[in-house]
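Listed below are the residues making up each chain.
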Amino acid sequence: MGTEAVGATSRTVVIADDDLLLREGLASLLTQAGYTVVGQTDNATDLLSLVRNHRPDLAIVDIRMPPDHSTEGLQAAQAIREEMPEIAILVLSAYVEVTHATALLASGQRSGYLLKSRVANIDSFLESIDRLSRGGSVVDPSLVVELLAARTAKDLLERLTSREREVLGLMAEGRTNAGIARRLTVTEGTVEKHVHGIFVKLGLSETDDDHRRVLAVVTFLGAR
C-alpha cells in the first residue's frame, strides 16, 4: 500500500484536533506522503492564528473542539473560508452531521467533509486530500446516503430514475464522469447522458467544471 500522494511535495498543512493521537497520526501520514505540516493545535482559536500566519494549502479541522466541543471547528472552518478562500478545508467528524456538513460544502470549492473512520483507509484518505489540494471537493459517502434518504420523498428527486440517483450519489462524492463510468462499468458517454438528465430534471445549470457541479448537487441535496 503506497502513501506517496502525486504532486504532494511542498503542499503545506495545518491540523487542528483535540485528539493528540489522531493529530500526530495525521501529521505522520501526511509527512510520509510528501506534505509539509506547518502547524498543529487542539483548539479553534489557535487554528485561526496558525492559518493566518502560515497560509497553508490545506487546513484539516475537527468539527468539535474545546472549550465546548460543539461546533468550534466548523465555525473556524467557515471563518477561514470567508477570510482566505484559497485555502482548502477538510472537516473531520466522528459521525454524520448533515446540517453542519452541507453548510460548509455549500460555501465554496476546496471544501471536504469526512468521517474520522475514513482515515484508516490510507490510500482513499490521501486521494481525498490530493483532490482537495487540487481545488476539488470531498464528501463522505455516508453523508451522501443520508442526504439522498432525506430527499427521496421530495418531488424533484423523485423525477430521477434509480440509475440517475445512483449517478447523483457518485457525483456528490466528488467523482468525475470517467470515475463514475469505471465504478458503474458503463461508458463515459452513458454517464454524460445521465448527468445531463439529472441537471435538466433538477433545474440546475450545466457546467464543465466538475467542482462546481459537485457543489451544486450537494447544495441542492442539503436544501430544506
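Just so you know, these numbers come straight off a predicted model, no measurement behind them. (Residues numbered from 1 in each chain as written. Predicted model: local features only at pLDDT ≥ 70, side-chain atom pairs only at ≥ 80, totals over all residues. Heavy atoms only, no water.)

### So, the pattern of salt bridges
Put simply, the test is: For this document, the term salt bridge refers to a Lys or Arg side-chain nitrogen within 4 Å of an Asp or Glu carboxyl oxygen. A helix here means a DSSP run of H or I that spans at least four residues, while a strand means a run of E at least two residues long, and both kinds are numbered starting from the N terminus.
By the definition in use, this model includes 9 salt bridges. For the salt bridge of Arg55 with Glu86, the shortest nitrogen-to-oxygen distance reads 3.2 Å. One end of the pair, Arg55, is in the loop between helix 2 (44-54) and strand 3 (58-62); the other, Glu86, is in the loop between helix 3 (72-83) and strand 4 (88-93), with 31 residues separating them in the sequence. A single salt-bridge network, built from bridges that share partners, covers Arg11, Asp130 and Arg134.

### Points about the pairing of strand 1 (residues 12-16)
On a regular strand, one side chain projects to one face of the sheet and the next to the other, so that they alternate. So the rule is basically this: Each residue is placed in one exposure class: buried if its accessible area under a 1.4 Å probe, protein chains only, is under 20% of its type's maximum, exposed if it is over 50%, and partly exposed if it falls in between. A pair of strands is treated as paired once DSSP finds two or more bridges between them. Crossovers are described as right-handed under a simple rule: with the strands pointing away from the observer, the path leading from the first strand over the helix to the second runs clockwise.
The element strand 1 is largely enclosed, with a buried count of 5 among its 5 residues. Going residue by residue along strand 1, you find Thr12, Val14 and Ala16 tucked away on one face and Val13 and Ile15 tucked away on the opposite face as well. Relative to strand 2 (residues 36-41), strand 1 is paired through 5 bridges, and the arrangement is parallel. Counted as the bridge partner of Val14 is Gly39 from strand 2. Handedness of the crossover is the feature at issue here: the chain leaves strand 1, passes through helix 1 (residues 20-32), returns alongside strand 2, and the resulting connection is right-handed. Relative to strand 3, strand 1 runs parallel, the two sharing 4 bridges. Opposite Ile15, over in strand 3, you have Ile60 as the bridge partner.

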